[in-house]
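Topology and contacts: notes
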Amino acid sequence: MLLALILIPFLAAIGILGGLPARLTAVIASLANILVATYALSCPACSDGFSLQVLADPKINLSLGITGISAVMLILSVIVTLAAVYSGKCPEGREKLWFSSTLFIAAGAIGAFLSTDVFFFYAFHELALIPTFLMIGILGRGDRKEAAWKITIYLAFGSIILLAGLLMATMHTGSFAFSDLAAIPASEQNTVALLLIIGFGTLVSLFPLHSWAAPAYASAPTPVAMLHAGVMKKFGLYGLLVIGMKVAPQGMLHWLPWICVLLLGNIIWVGLVTINQKRLDLMLGNSSVMHMGYIFLAIAALAANPANSIAEPAAILLMFAHGISIALLFSLTSLVEQKAGTLEISQLGGLAKKAPALAFLFGLAGMASIGLPGLANFAGEVMVFFAGFADWTPGESMGWVQITTIIALWGVVISAVYMLRAFRNTFQGPLVKATENAADIHYCEKIPAYILAATLLVVGIYPKIILQFLSL
Amino acid sequence: MQPHFIEFITVGFGLILLMFEAFTKGNKSQIGLLAAAGLTVILAMLFCPAPSCCPVPEWMERFYSDDQTARFYKIIAVTSTILVLLMSVDFSKVLSKFTTGGEDDSATGEFYCLPIFACAGLMWMASATDLVSIFVSLELVTISFYVMVAFMRRNVGSLEAGVKYLILGALSTGFLVYGIAWIYGAMGTTDITLYSSILESEAYHLNYLLFGIALILLALGFKVGAVPMQLWIADVYQGAPTPITAFLSVASKAAGFLVLMTIVSPFLAADATGSTVSAILLIMAGATLLYGNLAAISQNNFKRLLAYSSIAHAGFLLIGVATQDYDAVSFYLGTYLLMTFAAFFVLALIRSEEDSDELEAFDGLGKRNPLLAFALTIAMAALAGIPLTAGFWGKFLIFKSAIANDISWWLLSIAFVSVAAGFYYYLKVVKAMYWNTAKDSASITVPVITKVVLILLTAAILILGIYPQPIFNLLGH
């Protein structure tokens, strides 16, 4: 059952390379995946784990299973995949590359989240590497070549450091199964935690290892940007929660001050950088880097006190919400570019008059992204801030996490500044040359946007729909 | 049949084929197909279990072992020889051009026979357990290679490569003999199987021994392409006929590593010499990794790039040898065969079609022939060590034993930087094929042999990338 979730997009991608009609196959595969995922989640008994031993010594299994967090990540992956195959404008004649790469990336992401074996958890993540490289390099925008090299080398380097950390973490038990992960001897925890923080941190674009992210997302074709910013990036956070906290809790505590300072780098430094962006896609790329800071804050709260019961759900809910909202924003940005022909914020204006539906959806996504109540991100962010103070009793002196939380709160203001300004400059005010003849989005283009927007609303109003899986 | 007959059969087959070639006219590349067919039979024999009736005779036992590891390396040797022969058949156009000036292929017949002798030498090396038999078999291989490297006699590059290989090869042979003499002097025997007990009894002279080992490490460094004996690699690889480059890069390297492991394993396991030998090996590994990867970054010639990448891989393998994880090394070499041959098959074809080894010749290959481009992408991904390809497992296992053995941090860092550098230069090839546009956009037709072999190799890389157990089964696990 679970294997099908990986095989459907994977085989569909191969089929597309072999000559199947590209768009149709991709849509069918991603719809099928949503159905299979729904079935697997609604009936835990019939989605029993899958396990195949691929190597006897060291013992490595291709084993899949659904735990609380991976259920949420699975939902995120299949929803964003469906939206991604609908989004963006595929250049004539490149359908094979476009849709097969999208599906390969999706298969890798789903595989990584479903794996319950460290080896395959790592291996599936890398499946996205070459499709991403090719997609950005061939079909990207702007400085596509530089961006493609940058993301590839950064991610390759991050992964290899991560590999060292994972190998050290599993060395003592000799088993790669998630269920056998256990705290390693205290003498090695600091090293392992450092390797994992740097390795996973690079993949999540933790400050100061973040500089690959914004240019790559800005120049990537829309589906790649959506899947990468929305789904792949959560791999690192997922890894820190599932592996890092388990094998090296004291190590994470040891590096807590560093995590706090770096995550503030994400929120404040990158936040200010975001305000300064002149292009819509670069702004979104940077904002996605910035928002990783909040999730790291939840992880920091968990590292400070592993018994903190809000921190983990907070991180997961925000990962989910951010994934959906950033995917929606990238999808809509590509529509803005198609309608207005440019993404330079200074050359846009008044688009709402011509394209009200687009403006509404973009507004919704933007509001979600800055944490307006009623939308999914708000629930996540509030929980993160609560998690920051969960251990603190009034009157006590504040620890690293509390001080960081207070500073991080200012990030909300920063997000509001750049997002509202971008919205105003793009959609409001008088019509300008670029937007004079813009048309509104048509029915087909609305589908992915409505799927994502509806998810944001539903989860925002009733976050338990996501949080319930965490008790799985 | 006694196990060691298989080498005799191979040599005999080579001799018969050589005679047959001399007395027949007509298309010489059919000799290549015949040779490949004969070796396929020998390969099949290697998969049969050793018959219990007739073990290795007593007089031979000292020189010859027929264990599972030896078999594995014989399979590598025979498989790569078959692949070399098949590649040569599709490469015959270039061979004829540089032997008779392109009039006919009458001077290429020996080219299909010589690999068989090298193969017999490689097989013998796999079984050799005595310094003398190691030396003799190694010379059989090396001398065959001298001829093959310089085979394209009207090509200055090939001749230059032949001379370089000859001079440096002779030098390394000198080191090897001298090293063997010192070890014999220190230990009193050339039988490697006795070394561990001698090392335990401490009836040897440590300094003489270490000097001998150092000389042997230098000589084998030449074989496997490790610093400080790596200088010949780039020029010889570039000048030699492409199938022979592939042969050098895979079979010769694999046999070199097997011999290295056979010789150093008793010394690595002993307390007195273990730390010194592993320190030397690790320093060699670090230098090899740095040299190979840094030099590969700036290459614009695909053949030279593969040459430096082969040095880089030797660095990873040396880490495996130093940490005594011999299974990981053998596994790595097995997968290295698949991915390197896939790359060389594409290269040989491009060389015949475009008359160029430069990366520019690969521009736009994704449009000109999607199959070639896809196969080469998989091969490059595997060489770079991207997960879910066979190449990743090798690196994974080496890193695992490196970390488990607590090797020093600076070496581990060099290895990590090397992997990241590898991503760059291997993806440069992928970039040329897909990002760049071709000057000549005519599509390329792939000959049947190359096509079938490429599909098989690519499939093997991908399947072993998910399920690597078959190689370990061959190794006897």
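In this numbering scheme, every chain counts its residues from 1 along its sequence in written order. Each chain is given a letter, starting from A, and each ligand a number, starting from 1, according to the order in which they appear as written. This being a predicted model, a pLDDT of at least 70 is required before a residue's local features are given, and a value of 80 or more before pairs of side-chain atoms are given or counted; all residues contribute to the totals for chains, interfaces and linings. No hydrogens and no water enter the side-chain calculation; it runs on all heavy atoms of the structure.

1. Describing the packing of helix α12 (residues 242-269) of chain B against helix α13 (residues 271-297) of chain B
Residue and element names in this part refer to chain B. Orientation is described by lines fitted to C-alpha atoms, with helices fitted over the stretch in contact, and by angles between N-to-C directions that extend from 0 to 180 degrees. Working definition: helices are DSSP H or I runs of at least four residues, strands are E runs of at least two. Numbering for both runs from the N terminus. Where α12 meets α13, the axes come as close as 6 Å, and the angle between the chain directions of the two elements is 130 degrees. On the basis of the axis angle, α12 is oblique to α13. Facing α12, whose interface residues are Leu-260, Val-264, Phe-267, Leu-268 and Ala-269, α13 presents Asp-271, Thr-273, Gly-274, Val-277, Ser-278 and Leu-281. Any residue outside Ala, Val, Leu, Ile, Met, Phe, Trp, Tyr, Cys, Pro, Asp, Glu, Lys and Arg is labelled polar, Gly included; the first ten of those are nonpolar and the last four are charged. Its residues placed into classes, the contact of α12 with α13 shows seven nonpolar, three polar and one charged. Note that the term roughly parallel is reserved for angles under 35 degrees, roughly antiparallel for angles over 145, roughly perpendicular for angles of 65 to 115, and oblique for everything else. Any two residues whose heavy atoms approach within 4.5 Å at even a single point are treated as in contact.

2. Some points on the packing of helix α5 (residues 118-126) of chain A against helix α7 (residues 144-171) of chain A
Residue and element names in this part refer to chain A. The geometry of α5 relative to α7 is characterised by a closest axis approach of 11 Å and an angle of 170 degrees between their N-to-C directions. The pairing of α5 with α7 is recorded here as roughly antiparallel in orientation. Here Val-118, Tyr-122 and Glu-126 of α5 come into contact with α7, specifically with Ser-159, Ile-160, Leu-162, Leu-163, Leu-166 and Thr-170. For the contact of α5 with α7, the class distribution of residues is six nonpolar, two polar and one charged.

3. Points about the interface of chain A and chain B
Where interface size is quoted, it is often the accessible area lost as the parts come together. At the junction of the two partners, chain A supplies 37 residues and chain B supplies 33 residues. By buried area we mean the combined loss of accessible area, with a 1.4 Å probe, across both parts when two parts are placed together. Summing both sides of the interface, chain A and chain B together bury roughly 3300 Å²; the carbon and sulfur share of this comes to 88%. The largest contributions to the chain A side of the interface with chain B come from A:Phe119, A:Ile130 and A:Trp149, which together make up 17% of the buried area. The term salt bridge refers to a pairing of a side-chain nitrogen on Lys or Arg with a carboxyl oxygen on Asp or Glu at a separation within 4 Å. Taken together, the connections running from chain A to chain B amount to zero salt bridges. Polar contacts, as counted here, are pairs of nitrogen or oxygen atoms within 3.5 Å of one another; within protein the pair requires one atom able to donate a hydrogen and one able to accept it, and residues that are adjacent in sequence qualify only if both atoms are side-chain atoms. Applying the counting rule to chain A against chain B returns one residue pair in polar contact (both at pLDDT 80 or more). Elements supplying a minimum of two residues to the side of chain A that touches chain B: β1 (50-55), β2 (60-64), α5, α6 (129-139), α7 and α8 (186-204) of chain A. No other element matches the 13 residues that α7(A) contributes to the side of chain A that touches chain B. Taken together, the residues of the side of chain A that touches chain B sort by class into 30 nonpolar, four polar and three charged.

4. Remarks on helix α3 (residues 68-86) of chain A
All names here are of chain A. In this scheme, a helix's expected span is set at 1.5 Å multiplied by one less than its residue total. Counted at 1.5 Å a residue, the expected span for α3 with its 19 residues is 27 Å, and the 28 Å between its end C-alpha atoms agrees. Most of α3 is tucked away: 18 of the 19 residues are buried. The positive-phi residue at the C-terminal boundary of α3 is Gly-88, with phi of around 80 degrees. Between buried and exposed lies partly exposed: a residue is buried under 20% and exposed over 50% of the maximum accessible area for its type, with that area taken using a 1.4 Å probe on protein chains only.

5. A word on the packing of aromatic side chains
Between 30 and 60 degrees the pair is tilted, below 30 it is stacked and above 60 it is edge-to-face, where a pair is any two Phe, Tyr or Trp rings, Trp via its six-membered ring, whose centres lie within 6.5 Å. Summed over the entire model, instances satisfying the criterion amount to 49 aromatic pairs over all chains. An angle of 25 degrees between the planes, with centres 5.6 Å apart, marks the rings of A:Tyr122 and B:Phe392 as stacked. Taken together, the residues span two chains, with A:Tyr122 in helix α5 and B:Phe392 in helix α18 (residues 390-404). Judged on exposure class, the residue A:Tyr122 and its partner B:Phe392 are both buried. Among the aromatic residues, ring-to-ring pairing joins A:Phe119, A:Phe120, A:Tyr122, A:Phe124, A:Phe176, B:Phe392, B:Trp393 and B:Phe396 into one connected group. Any Lys NZ or Arg CZ found within 6 Å of a ring centre and within 35 degrees of that ring's normal is scored as a charge over the ring. Over the ring of B:Phe316 we find B:Lys395; its NZ or CZ atom is 5.0 Å from the centre of that ring.

6. Remarks on the pattern of salt bridges
The full count for this structure, using the stated rule, is 15 salt bridges over all chains. The salt bridge partner of B:Lys74 is B:Glu7, with a shortest N-O separation of 2.9 Å. Here B:Glu7 lies in helix α1 (residues 5-23) and B:Lys74 lies in helix α4 (residues 68-90), a separation of 67 residues in the sequence. Overall, the relative accessible area of 2% leaves B:Lys74 in the buried class. According to the relative accessible area criterion, B:Glu7 is buried, its value standing at 3%. Each member of the salt-bridge network shares a partner with another, and the members are A:Arg141, A:Arg279, A:Asp281, A:Glu337 and A:Glu344.

7. Quick word on unusual backbone geometry
Negative phi is the rule for most residues except glycine; trans is the rule for most peptide bonds. For the bond from A:Phe207 to A:Pro208, the omega torsion is 0 degrees, close enough to zero to count as cis. In this chain, B:Val227 is followed by B:Pro228 through a cis amide linkage whose omega measures 10 degrees. Mapped onto the elements, B:Pro228 comes out in the loop between α10 (206-224) and α11 (231-239). Within the chain, B:Gln324 stands out as a residue other than glycine whose phi angle is a positive 60 degrees. The partly exposed category is assigned to B:Gln324, whose relative accessible area is 36%. Even without glycine at this site, B:Asp406 takes up a positive phi of about 60 degrees. Within the secondary structure, B:Asp406 sits in the loop between α18 and α19 (409-434).

8. Describing the environment of A:Pro21
Considering the arrangement of structural elements, one finds A:Pro21 in the loop between α1 (2-17) and α2 (22-42). Each C-alpha atom, one on A:Pro21 and one on A:Leu181, is 44 Å from the other, the two residues being 160 residues apart in sequence.

9. Topic: the environment of A:Thr173
The residue A:Thr173 is located in the loop between α7 and α8 in this model. Owing to a relative accessible area of 47%, A:Thr173 belongs among the partly exposed residues under this scheme.

10. A look at α11(B)
Those residues of α11(B) that sit buried are B:Trp232, B:Ile233, B:Ala234, B:Val236, B:Tyr237 and B:Gly239. Contact partners of the buried residues in α11(B): α7 (131-149), α8 (156-187), α10, α12 and α14 (302-322) of chain B.

11. Things to note about the domain arrangement of chain A
All names here are of chain A. Segmentation into domains, and thus their bounds, comes from an automatic or database assignment. Annotation of chain A at the domain level lists domain 1 (1-254) and domain 2 (267-472). A separation of 22 Å is found between the C-alpha centroids of domain 1 and domain 2. Each partner contributes residues to the interface: domain 1 has 44 residues there, and domain 2 has 39 residues. Each partner contributes to the roughly 3600 Å² buried at the junction of domain 1 and domain 2, and carbon and sulfur atoms together form 83% of this total. Counting the surface domain 1 buries against domain 2, the share from its top three residues, Val-72, Leu-237 and Leu-241, is 14%. Here domain 1 and domain 2 share two salt bridges between them. A salt bridge links Glu-337 to Arg-141; the shortest N-O distance between them is 2.9 Å. Contributions of two or more residues to the side of domain 1 that touches domain 2 are made by α3, α8, α9 (213-219), α10 (222-232), α11 (234-247) and α12 (249-254). At 12 residues, α3 tops the list of elements feeding residues into the side of domain 1 that touches domain 2. Each residue belonging to the side of domain 1 that touches domain 2 can be placed in one class, and the counts come to 31 nonpolar, nine polar and four charged.

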